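# Structural overview for review
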Amino acid sequence: MYREKLKVLKDRNFTIANFTDKLMDYYGERLTVILDTPLRYRVLSIDRLYASDAMKFINRVGNFLREVGVKKGEIVAVDMENNVDMFMIMLAIFKIGAIALPINYMLRFGEIDYILRDSEARYFIFDRYVFDENIKDLKKISYIPHLIMAGPHDTTLDDTISLDRGIESQSTELSPADLKPDDPAGIYYTSGTTGKPKGAIATNKSLIQGQKMAGVIVPTRKDDLGIFSLPFAHIMGTSVAILGSFARVRGYQIKHFNAQRVLEVITRHKVTVFVGVPAMYGMLLEELRKNPDKYDLSSMRLWASAADAMPQEYIDEIRKYGAFLRIGPFRIKPLFLEAYGMVELSGIATLKVTLPFLKWGPGCIGWPVPPMKIRIVDENGKPLPPEKEGEVVVKGPGVTKGYW
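Residues numbered from 1 in each chain as written. Predicted model: local features only at pLDDT ≥ 70, side-chain atom pairs only at ≥ 80, totals over all residues. Heavy atoms only, no water.

## Looking at the pairing of strand β2 (residues 44–50)
One ladder, built from six bridges, connects strand β1 (residues 31–41) with β2; its direction is antiparallel. The residue bridging Val33 from the neighbouring strand is Leu49, located in β2. Connecting β1 to the next strand, β2, in antiparallel fashion are two residues. (Pairing = 2+ DSSP bridges. Helix = DSSP H or I, 4+ residues; strand = E, 2+ residues; numbered from the N terminus.)

## Thoughts on unusual backbone geometry
The omega angle of the peptide bond from Pro370 to Pro371 is 5°, so this bond is cis rather than trans. Secondary-structure assignment places Pro371 in the loop between β18 (367–368) and β19 (373–377). In this structure, Asp159 is a non-glycine residue whose phi angle is positive, near 70°. Position of Asp159 relative to the elements: it lies in the loop between β6 (146–149) and β7 (161–162). If you check the backbone angles, Glu387 has positive phi at about 75° while not being a glycine. Position of Glu387 relative to the elements: it lies in the loop between β19 and β20 (391–395).

## Structural notes on a positive patch on the surface
The grouping of Lys320, Arg326, Arg331, Lys333 and Lys359 at the surface amounts to a positive patch. Given a relative accessible area of 59%, Lys320 falls into the exposed group. (Patch = residues over 30% accessible without salt bridge, like charges linked within 9 Å, V, L, I, M, F, W, Y side chains within 5 Å. Areas by Shrake-Rupley, 256 points an atom, 1.4 Å probe, with all protein chains shown as cover. Salt bridge = Lys/Arg side-chain N within 4 Å of Asp/Glu carboxyl O. Lys, Arg positive; Asp, Glu negative; His and termini not counted. Charge placed at Lys NZ, Arg CZ, Asp CG, Glu CD. Buried < 20%, exposed > 50% of the residue type's maximum accessible area, 1.4 Å probe, protein only.)

## So, the packing of helix α2 (residues 19–27) against helix α9 (residues 235–247)
For the pair α2 and α9, interaxial distance at closest approach is 10 Å and the crossing angle is 25°. Comparing their axes, α9 and α2 come out roughly parallel. Contacts from Phe19, Leu23 and Tyr27 in α2 reach Ile242, Ser245 and Phe246 in α9. The class makeup of the residues in the contact of α2 with α9 is five nonpolar, one polar and no charged. (Axes fitted to C-alpha atoms, helices over the stretch in contact; angles between N-to-C directions. Parallel < 35°, antiparallel > 145°, perpendicular 65-115°, else oblique. Contact = heavy atoms within 4.5 Å. Nonpolar A, V, L, I, M, F, W, Y, C, P; charged D, E, K, R; others polar.)

Shown next as structure tokens:
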């Protein structure tokens, strides 16, 4: 397993366009995702996704997008419920050298409209859920030339293009686009907490480098199974999915986070890895306190979090469940991994691992993930000595090349 990972790490020819092909070469056929909600496409109606099936679907979508006119460097907005087909559609966009612009399915129409107009996207892929909940009238988005509906053909609206029907006749072979390191690959809009959201540009290099290194560092095994319920529309969701692919971790996909459902799946499927945000952990712990004997979490090896500061009491409490290693009657507590990153860093920048022999200071965000570099500086940009408070500055391939 680690020999395979090291070969992947040493390979400098990975791009966001070819990484699924190359991982297939390195890791071969394998179960990739177990789906809590099955997919219902004519060419892919399944509840278990294997690597070869994912590759064929991605290639069909890529060929279809080229057929409808998408060219290298053009923006394709994607707004869908949070199932694995959204991620595969994004991978298809990456593969043909276009720019994926994922939009959170929970945004209301005014927010969606702002992002579509600000980005000047000419192609918009959405599903029936997003239309019924947030758009409701095709006239509102008539300014977009190409409206494509994902999901089963029988849910497609008139005056839109059916992805389901369109990919049915497409080839399952597709050569990846030739990408330079700084070519834009994705646009991820910020939350807009201090003004209008801005589209941070993620490049080919920024989406691959940090995630590839982290995928090798994280101590996963080929029999690990992780629950994924993060939104693909956020950089954390995308980066964790890419990192998990590099780490060769099988996933159990839950579209919408629900504490009871997550704990039921861990119990039933002997899940070993969970990645979430602190709010998710708060809900998991609340459910465990209310029903202490209902769930069996003994299979858990790795807990992980990002997106916000993780309360130490949450870490201490959740590490009571599971074991990283068992030797006879002895148990080594499960590891807790905490990552620091942001949309402008295209995902992960630092990583902290909770270990029995290692004490971290309050608020510490761990080590930089190579090749990222970090300094703490004063208001003049001068590096500060240890124990001094300042501003975090980051340098490396993950840093955005700018805003769209």
